[in-house]
Amino acid sequence: MPSSTKAMGVLTVGGLVVVTAYTVALGSNGWLWFGWVVLGLLTLGMVAART
């Protein structure tokens, strides 16, 4: 897997951790979860395009 795809994967997982921590601490924010889903879909698209 190319380094850019790995970086996107790390960013996606890190984003999940941040969004989850925010949700636990301050309550749910739909825009944060929407942003994370979009980031996840972009990451999946990059993985699919490379294979």
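- Identification of the chain as Integral membrane protein from Streptomyces heilongjiangensis is taken from an unreviewed UniProt entry.

A closer look at the packing of aromatic side chains
Moving on, step 1. Here the structure, examined in full by the defined rule, presents 2 aromatic pairs.
Moving on, step 2. An angle of 90° between the planes, with centres 5.8 Å apart, marks the rings of Trp31 and Phe34 as edge-to-face. Of the two residues, Trp31 and Phe34 both sit in helix α2 (residues 30-50), 3 residues apart, roughly one turn of that helix.

Looking at the packing of helix α1 (residues 3-26) against α2
In a pair of packed helices, the angle between the axes and the distance between the axes together describe the arrangement.
Moving on, step 1. Two elements in contact, α1 and α2, have axes whose closest approach is 10 Å; the angle formed by their N-to-C orientations is 160°. Judged by the angle between their axes, α1 and α2 are roughly antiparallel. In this structure, α1 crosses over α2, and the sense of that crossing is left-handed. Mapping the contact onto sequence places Ser4, Thr5, Met8, Gly9, Leu11, Thr12, Gly15, Leu16, Val19, Thr20, Tyr22 and Thr23 in α1 and Leu32, Trp33, Trp36, Leu39, Gly40, Leu42, Thr43, Met46, Val47 and Arg50 in α2.
Moving on, step 2. Taken together, the residues of the contact of α1 with α2 sort by class into 12 nonpolar, 9 polar and 1 charged.

Comments concerning α1
Moving on, step 1. When the terminal C-alpha atoms of α1 are compared, their 34 Å separation across 24 residues agrees well with the 34 Å that a helix rising 1.5 Å per residue should span.
Moving on, step 2. Along α1, the positions that sit buried rather than exposed are Thr5, Met8, Thr12, Gly15 and Val19.
Moving on, step 3. Packing partners of the buried residues in α1 comprise α2.
Moving on, step 4. Once α1 ends, the next one or two residues include Gly27, with phi positive near 100°.

Reading the values: rules and limits
- Residues numbered from 1 in each chain as written.
- Predicted model: local features only at pLDDT ≥ 70, side-chain atom pairs only at ≥ 80, totals over all residues.
- Heavy atoms only, no water.
- Phe/Tyr/Trp six-rings, centres within 6.5 Å; stacked < 30°, edge-to-face > 60°.
- Helix = DSSP H or I, 4+ residues; strand = E, 2+ residues; numbered from the N terminus.
- Axes fitted to C-alpha atoms, helices over the stretch in contact; angles between N-to-C directions.
- Parallel < 35°, antiparallel > 145°, perpendicular 65-115°, else oblique.
- Left-handed = near helix turned anticlockwise from the far one by under 90°.
- Contact = heavy atoms within 4.5 Å.
- Nonpolar A, V, L, I, M, F, W, Y, C, P; charged D, E, K, R; others polar.
- Expected span 1.5 Å × (residues − 1).
- Buried < 20%, exposed > 50% of the residue type's maximum accessible area, 1.4 Å probe, protein only.

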